[in-house]
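Spelled out from the first residue to the last, the chains are:
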Amino acid sequence: MTIAPQGQKISDLLAAGPTLSFEFFPPKSDEAERQLEKTIHELAPLPPSFVSVTYGAGGSTRDRTRDIVIEVNRTQPFPAMPHLTCSGHTRAQITELLDEYAAAGIHNILALAGDPPADGSDSGGDFAYATELVEMVRDHPGDFAIGVAAHPEMHPRSAGDREADRRWLAAKL
């Protein structure tokens, strides 16, 4: 198993393979945050190749995700990767987050469209598709390794055309 020092790009780890990673949900309370810190500390001896931290719908956990990723990257011997969604965000908000991640030595971003609001309302923001977020992350001077997601059964917003769905995935890649 490949174990990475902080600052290593996850794309390099995956290429060297195999890897072990953990995905964490950002806590919703200070008590849950303390429990997550304890859990990460307990899992560190395994040791994971990297960890990732999810992102709440519409960026609802943006600050907690950022804080956890920066803290893990600062205190653990493995890199942390934040999930980042474009749903409900402006370009200025994304730029600010990318600047903060770059300044903290984060080198990996999982760029996602994000879930639309459960009530069907418009999520707002400047982005319609994850491909736009991928382009913005790629253009940032932080030189991030960018991960993307795929839906094995076709994307929920797909028009039902598997070939078009694959073309969108290829555009993200």
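Everything below is about the structure printed above this text.
Residues numbered from 1 in each chain as written. Predicted model: local features only at pLDDT ≥ 70, side-chain atom pairs only at ≥ 80, totals over all residues. Heavy atoms only, no water.

As for helix α3 (residues 62–75)
Then, number 1: For α3, with 14 residues, the first-to-last C-alpha span of 20 Å sits near the 20 Å given by 1.5 Å per residue.
Then, number 2: In this fold, the buried residues of α3 make contact with α2 (30–43), β2 (50–53), β3 (80–85) and α4 (91–103). (Helix = DSSP H or I, 4+ residues; strand = E, 2+ residues; numbered from the N terminus. Expected span 1.5 Å × (residues − 1). Contact = heavy atoms within 4.5 Å.)

Topic: the sheet that holds strand β5 (residues 145–147)
Then, number 1: The parallel open sheet is built from 5 strands, whose spatial order is β1-β2-β3-β4-β5. Lying at the two open borders of the sheet, with one neighbouring strand each, are β1 (21–24) and β5. Each neighbouring strand pair of the sheet contributes to a mean axis angle of 25°, computed without reference to strand direction.
Then, number 2: In this structure, β2 lies alongside β3, joined through 3 bridges in parallel fashion. Pairing of Ser-52 across the sheet is with Met-81, part of β3.
Then, number 3: Of the strands in this sheet, β3 and β4 (108–112) are in contact with α4, which crosses β3 at around 175°. (Pairing = 2+ DSSP bridges. Axes fitted to C-alpha atoms, helices over the stretch in contact; angles between N-to-C directions.)

Some words on unusual backbone geometry
Then, number 1: Omega for the bond connecting Gly-17 with Pro-18 falls within 30 degrees of zero, at -25°, which places this linkage in the cis form.
Then, number 2: Tracing the chain through its elements places Pro-18 in the loop between α1 (10–16) and β1.
Then, number 3: Positive phi outside glycine occurs at Asp-143, with the angle close to 50°.
Then, number 4: With respect to the helices, strands and loops of the structure, Asp-143 is situated in the loop between α5 (130–139) and β5.

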